[in-house]
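What follows is the residue order along each chain.
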Amino acid sequence: MNWLFDGIGDWLRQLFTEAIMAKFVDIFDSVNVQVGDIANQVGQTPAAWNAGVFAMIQNLSETVVLPIAGMFLTFVLCYELIQLIIEKNNLSDFDTFNIYKWIFKTFVAVFILTNTFNIVMAVFDMAQNVINTSADLIVGDTNLGSPEMLAALEAQLVDMSVGELLGVWLQVQIIGLCLSIMAVVIFIVIWGRMIEIYLTVSIAPIPLSTMVNREWGNVGNSYLKSLFAVAFQGFLIMVCVAIYAVLVGAIADAPNIHIAIWTVVGYTALLCFILLKTGGIAKSVFASS
């Protein structure tokens, strides 16, 4: 009779080992796909990410916001001209050079306003070049599920009893659920960032119309800081996911597979938290309020 129970035990151990290894392979493939998808998503400019939405935003900006920015620019320039004329002893000590300076500032302001989208897209093109360069390194160096890693994990499973294997199988299912939650959080962060980019781009002419004015120029400067922050947030997202992938890749070296599994759960929760913080971190780096 013992041979029957031994045979059933061996069959169950083999069954659970194969099921656990198959789940690990799915987890590693899922992480690899998510890393590659994030690199693809954040590596696109606003125009390339969704051409239809970008065309609508550009049309609204040029037909609705730009005329308002033009009126605002006219007010700012007229206000500055008045200040230049009366600031020195109420016209008794007027310097004609101020008029030439005002004309030059007017030319620069009009040039900036008429090239708003070129300026905005130049910021994103620069950021996307950094992101795409880093994506090639990150995706290439963080591939999980190598044969050596899987062999090390399987070696730990072979010596376990049926009860231990059942516990590991249940824990692996929890990891799968955590990764599904992580995928939702990543979706929210990436899509939220792109919507924030479109909203920021849509209003660009108004803050940029204040760039050359002494008193109102801080509005345009703050806008540019916000623009750089949201552009380079994609790079921070890539760094976060790369760190996560490297940490998860080290689970095969853990002395205890149970500790390794729950460590992955902790890494996943930490990744979700940090991804939600990338926007604030980017704004603090560029001193954007």
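Summary of the structure given here.

**Notes on the overall build of the protein**
- A count of helices and strands for the protein gives 10 helices and 0 strands.
- Counting from the amino terminus, helix and strand elements in the protein follow one another as α-α-α-α-α-α-α-α-α-α.
- The buried share of the protein, reckoned over its 289 residues, is 42%.
- In the protein, the share of contacts with a sequence separation of at least 24, taken over all contacts with a separation of at least 6, comes to 86%.

**Description of the packing of helix 3 (residues 51-86) against helix 4 (residues 97-114)**
- At their nearest, the axes of helix 3 and helix 4 sit 11 Å apart, and the two run at 165° to each other. The angle between the axes of helix 3 and helix 4 places the two elements in the roughly antiparallel class. Judged by the sense of rotation from one axis to the other, the crossing of helix 3 with helix 4 is right-handed. Counted together, Leu66, Ala69, Gly70, Leu73, Leu77, Glu80, Leu81 and Leu84 of helix 3 and Asn98, Ile99, Lys101, Trp102, Lys105, Thr106, Ala109, Val110 and Leu113 of helix 4 form the full contact between these two elements.

**A few points about the pattern of salt bridges**
- Scanning all chains against the criterion turns up 1 salt bridge.
- A salt bridge links Glu196 to Lys283; the nearest nitrogen and oxygen atoms lie 3.8 Å apart. Residue Glu196 is found in helix 7 (residues 162-202), and its partner Lys283 is found in helix 10 (residues 257-285); the two are separated by 87 residues along the sequence.
- A residue is classified by how much of its surface remains accessible, and Glu196, at 29% relative accessible area, is partly exposed.
- Overall, Lys283 belongs to the partly exposed group, its relative accessible area being 31%.

**A look at the nonpolar core**
- Membership of the largest hydrophobic core comes to 39 residues, with the highest contact counts inside it found for Phe24, Ile38, Tyr244 and Leu275.
- Among the elements that take part in this core, helix 7 stands out by supplying 11 residues, more than any other.

**Focus: the side chain of Gln128**
- On the secondary structure map, Gln128 appears in helix 5 (residues 116-141).
- Look at Gln128 and you get buried, because its relative accessible area is 3%.
- At 2.6 Å, the side chain of Gln128 forms a polar contact with the backbone oxygen of Val42.
- Residues contacting Gln128, with those up to four places away along its chain left out, are Val42, Gly43, Gln44, Thr45, Arg193 and Ala231.

**With respect to the packing of helix 3 against helix 7**
- Where helix 3 meets helix 7, the closest approach of the two axes is 9 Å, and the angle between their N-to-C directions is 25°. The angle between helix 3 and helix 7 places the two elements in the roughly parallel class. Along this stretch, helix 3 crosses helix 7, giving a crossing that reads as right-handed. Between helix 3 and helix 7, the residues in contact are Val53, Phe54, Ile57, Ser61 and Val65 and Tyr198, Val201 and Ser202, respectively.

Parameters and conventions
- Residues numbered from 1 in each chain as written.
- Predicted model: local features only at pLDDT ≥ 70, side-chain atom pairs only at ≥ 80, totals over all residues.
- Heavy atoms only, no water.
- Helix = DSSP H or I, 4+ residues; strand = E, 2+ residues; numbered from the N terminus.
- Buried < 20%, exposed > 50% of the residue type's maximum accessible area, 1.4 Å probe, protein only.
- Contact = heavy atoms within 4.5 Å.
- Axes fitted to C-alpha atoms, helices over the stretch in contact; angles between N-to-C directions.
- Parallel < 35°, antiparallel > 145°, perpendicular 65-115°, else oblique.
- Left-handed = near helix turned anticlockwise from the far one by under 90°.
- Salt bridge = Lys/Arg side-chain N within 4 Å of Asp/Glu carboxyl O.
- Core = buried A, V, L, I, M, F, W, Y, C linked by side-chain atoms within 4.5 Å.
- Polar contact = N/O pair within 3.5 Å; in protein donor to acceptor, adjacent residues only side chain to side chain.

Bear in mind that shape data such as this cannot, by itself, settle questions of function.
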